[in-house]
Amino acid sequence: FNNQIGLTNNYKGAWNVYVGFTSGKVLISDTISGTFVVTINPNPLPPSAPTLSPTQAPTLSPTQAPSASPTSTPTLSPTQAPTVSPTSPPEVSPTLTPTMSPAQAPSVSPTLTPTMPPTSTPAVSPTLAPIVTCTQLSNTRFLFRTKKSKGGVTKYIGKSCNWLKKKSPEKAENICKKKISCNGKFGVVWNVCPQTCDSCLSCDQNPKALFYLRTKKKKNKDIIRKCKWLGKQSPEDVEAICQTEQSPSCYGTAKEICPKTCSVVTSCGQFVENNGPNIFK
């Protein structure tokens, strides 16, 4: 299920799918757009079978015969001769002499003085940040570590959200903070296990999180940077980097991974954190 038309990279699309509800509905969710509730349409048959023949036979001949000749003879000449000249001579001049000045002098100033300040002070920021639908599957796996063999082959080791949930709160928090990498098979831990990592708010940000910056054309290599690095750039560069719409790698764009630093395009800097613990504060 592709819930974002036109996006084909590994980071986009549905993360979780739930089926088996008695209502027959299916829940589909991701970390960007929220939850979609869909109904499977089994393509029902039409309410009745089509008729084999038309309901009435067509008439064999017209109901009335056409008239043989026109009903009346046309006139040979106009009924009245046209007038040769106008019935009355036109007026030589207008009936009224135009006025040289306006009838009334305009007012010098408006009748009412406008109020200078607004009647009430606008709110500086909304009270709460928006919340993304927070779901995770216990068997979904994230990239835990990489290991190189003696032959130089890199092996990627993944762990499930169920495995992470069984760890002590301190151990799970440490894993959620430090395991920031991904590959084509395993995602980043706080995206895969948002409930365990307490990373459900759309404006949550890990300073150590990695995002896709650009691709080197000569080596065809993706350049990855941390949110902490992005926060040290000039406002102009931050705005330009945060305008990136798509990522060809498993790492998301700057505005997806660093929403607070990219507040110029995400508006996350205007929100107040919801009450509750968050490991990325």
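Preceding this paragraph is the structure being described.
Residues numbered from 1 in each chain as written. Predicted model: local features only at pLDDT ≥ 70, side-chain atom pairs only at ≥ 80, totals over all residues. Heavy atoms only, no water.

Draft legend 1. Highlighting the sheet that holds strand β3 (residues 34-39). Pairing is antiparallel across the open sheet formed by 3 strands, whose spatial order is β1-β2-β3. With one partner strand each, in any of the chains shown, β1 (16-18) and β3 form the two edges of the open sheet. Across the sheet, the mean angle separating the axes of adjacent strands is 20 degrees when strand polarity is ignored. (Pairing = 2+ DSSP bridges. Helix = DSSP H or I, 4+ residues; strand = E, 2+ residues; numbered from the N terminus. Axes fitted to C-alpha atoms, helices over the stretch in contact; angles between N-to-C directions.)

Draft legend 2. View of a positive patch on the surface. A surface patch of positive charge is lined by K167, K171, K178, K208, K226, K228 and K232. Summarising the element assignment, K228 is placed in helix α5 (residues 227-230). (Patch = residues over 30% accessible without salt bridge, like charges linked within 9 Å, V, L, I, M, F, W, Y side chains within 5 Å. Areas by Shrake-Rupley, 256 points an atom, 1.4 Å probe, with all protein chains shown as cover. Salt bridge = Lys/Arg side-chain N within 4 Å of Asp/Glu carboxyl O. Lys, Arg positive; Asp, Glu negative; His and termini not counted. Charge placed at Lys NZ, Arg CZ, Asp CG, Glu CD.)

Draft legend 3. Helix α2 (residues 169-178), seen in detail. Restricting attention to buried positions, one finds in α2 the residues A172, I175 and C176. The buried residues of α2 occupy one face: seen down the axis, they fall within an arc of 100 degrees. Exposed side of α2, more than 90 degrees from the buried face: E170 and K178 are the residues found there. In this fold, the buried residues of α2 make contact with β4 (141-148), α1 (161-165), α3 (189-192) and α4 (194-197). (Buried < 20%, exposed > 50% of the residue type's maximum accessible area, 1.4 Å probe, protein only. Arc of directions from axis to C-beta. Contact = heavy atoms within 4.5 Å.)

Draft legend 4. Region of the structure containing the pattern of salt bridges. For the coordinates displayed, the defined rule picks out 2 salt bridges. The salt bridge involving E173 is made with K177; its shortest N-O contact spans 3.5 Å. Placement of the pair is E173 and K177 together in helix α2, with a separation of 4 residues, close to one helical turn. Note on K177: relative accessible area 32%, which makes it partly exposed.

Draft legend 5. View of the packing of aromatic side chains. Under the defined criterion, the tally for this structure stands at 3 aromatic pairs. Centroid distance F142 to W163: 6.4 Å. Interplanar angle 50 degrees. Geometry classified as tilted. Linking F142 in strand β4 with W163 in helix α1, this pair joins segments that are 21 residues apart in sequence. Since its relative accessible area comes to 0%, F142 is described here as buried. (Phe/Tyr/Trp six-rings, centres within 6.5 Å; stacked < 30°, edge-to-face > 60°.)

Draft legend 6. View of the state of the cysteines. Under the defined criterion, the tally for this structure stands at 6 disulfides. Disulfide pairing places C161 opposite C193 at an S-S distance of 2.0 Å. One quick way to see it: the torsion about the S-S bond of C161 and C193 is about -90 degrees, and its sign makes the bridge left-handed. With C161 in helix α1 and C193 in the loop between α3 and α4, this pair connects stretches of sequence that are 32 residues apart. Judged by its relative accessible area of 1%, C161 falls in the buried class. (Disulfide = S-S within 2.5 Å.)

Draft legend 7. Main features of the nonpolar core. Within the largest apolar cluster, 31 residues are counted, with the highest numbers of intra-cluster contacts made by F142, L164, V189, W190, F211, L230 and A254. Those elements that provide at least two residues to this core are β4, α1, α2, α3, β6 (210-216), α5, α6 (235-242) and α7 (254-257). Among residues more than four places away in sequence, those in contact with V189 are F142, L164, I175, C176, K179 and C197. (Core = buried A, V, L, I, M, F, W, Y, C linked by side-chain atoms within 4.5 Å.)

Draft legend 8. Examining the environment of C161 more closely. C-alpha of C161 to C-alpha of P194: the two residues are 33 residues apart in sequence and 9.2 Å apart in space. Setting aside residues up to four positions removed in sequence, C161 forms contacts with Q136, L137, S138, T140, V192, C193 and T196.

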